Each structure stands twice: as C-alpha cells, then as structure tokens.
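# Working through the structure, step by step
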Amino acid sequence: MDQTHRPHEIRIRIDQLEKLLMFDYDPAHEDALYDILDPEGRIVKTGDVSGPVTRVRITDLQGGDYVLMVLDGDSSTELPIHLRRAS
C-alpha cells in the first residue's frame, strides 16, 4: 500500500472560540495515540486518536509553540502548532 511509503497526512485546525484543537487523521491502528509537547519536549496532553477527526480541549494550554505527535503502530508524525494567547 502507498500509505506505508509516505508520511501520514494530518490537517490541523484550531477553534479559538471553543478552545479546541482538531486534527484530521484516520488511524491505521485502533490504539493510535496523540501527544502534545511543549517547547522543552515535555508531554502536556495525551490521548487516543479518534479518527477521522480528533478533538482536543486546549483551555489549559497557554499560547505559544507546541508539537502535535501522532503515534500509529510503528509510525509517528510530528507537526508544529502555534496557539494564540487569549486576549
């Protein structure tokens, strides 16, 4: 299958009003997980990927740069995310 030869595509959206991070990802394994890491590499949130769209409440995260890491079987994909500070 083509999927094993290229990185999984993940599309991220942030709903500032609802304070939700949403990402589109259809996992290949039912035990796929996500982690959100801070700039120092510490895990600040973790949970199950509930594809095709996973919603993560981010009310407890400060604005700034984070990394979304999706772990699906033997593959992992990392994407930078930037959260705006609440005004």
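Just above sits the structure.
What comes next concerns the included structure. (Residues numbered from 1 in each chain as written. Predicted model: local features only at pLDDT ≥ 70, side-chain atom pairs only at ≥ 80, totals over all residues. Heavy atoms only, no water.)

Let us look at the overall build of the protein chain. Helix and strand content of the protein chain: 0 helices and 7 strands. When the helices and strands of the protein chain are listed from N to C terminus, the series reads β-β-β-β-β-β-β. Pairs at least 24 residues apart make up 49% of the contacts formed inside the protein chain by residues separated by at least 6 positions. Carbon and sulfur atoms form 48% of the exposed surface of the protein chain, whose accessible area is close to 6000 Å². (Helix = DSSP H or I, 4+ residues; strand = E, 2+ residues; numbered from the N terminus. Contact = heavy atoms within 4.5 Å. Areas by Shrake-Rupley, 256 points an atom, 1.4 Å probe, with all protein chains shown as cover.)

It is worth spelling out the sheet that holds strand β4 (residues 43-48) at this point. Sheet architecture is open: 4 strands sit in the order β4-β3-β6-β7, paired in antiparallel fashion. Lying at the two open borders of the sheet, with one neighbouring strand each, are β4 and β7 (75-83). When the angles between neighbouring strand axes are averaged without regard to direction, this sheet yields 20 degrees. Taken together, the 9 bridges between strand β6 (residues 64-72) and β7 define a ladder with antiparallel strand orientation. Across the sheet, Asp72 pairs through a bridge with Ser75, a residue of β7. (Pairing = 2+ DSSP bridges. Axes fitted to C-alpha atoms, helices over the stretch in contact; angles between N-to-C directions.)

So, about the sheet that holds strand β5 (residues 53-57). Picture the strands of a sheet paired through backbone hydrogen bonds; they go either parallel or antiparallel. Within the open sheet, the 3 strands sit side by side as β1-β2-β5. Their pairing is antiparallel. The sheet terminates laterally at β1 (11-15) and β5, the two strands that pair on one side only. Along the sheet, successive strands turn relative to each other by an average axial angle of 20 degrees, direction set aside. Both strand β2 (residues 20-24) and β5 contribute to a ladder of 5 bridges, which runs antiparallel. Looking at β5, one finds that Met22 is bridged to Arg55.

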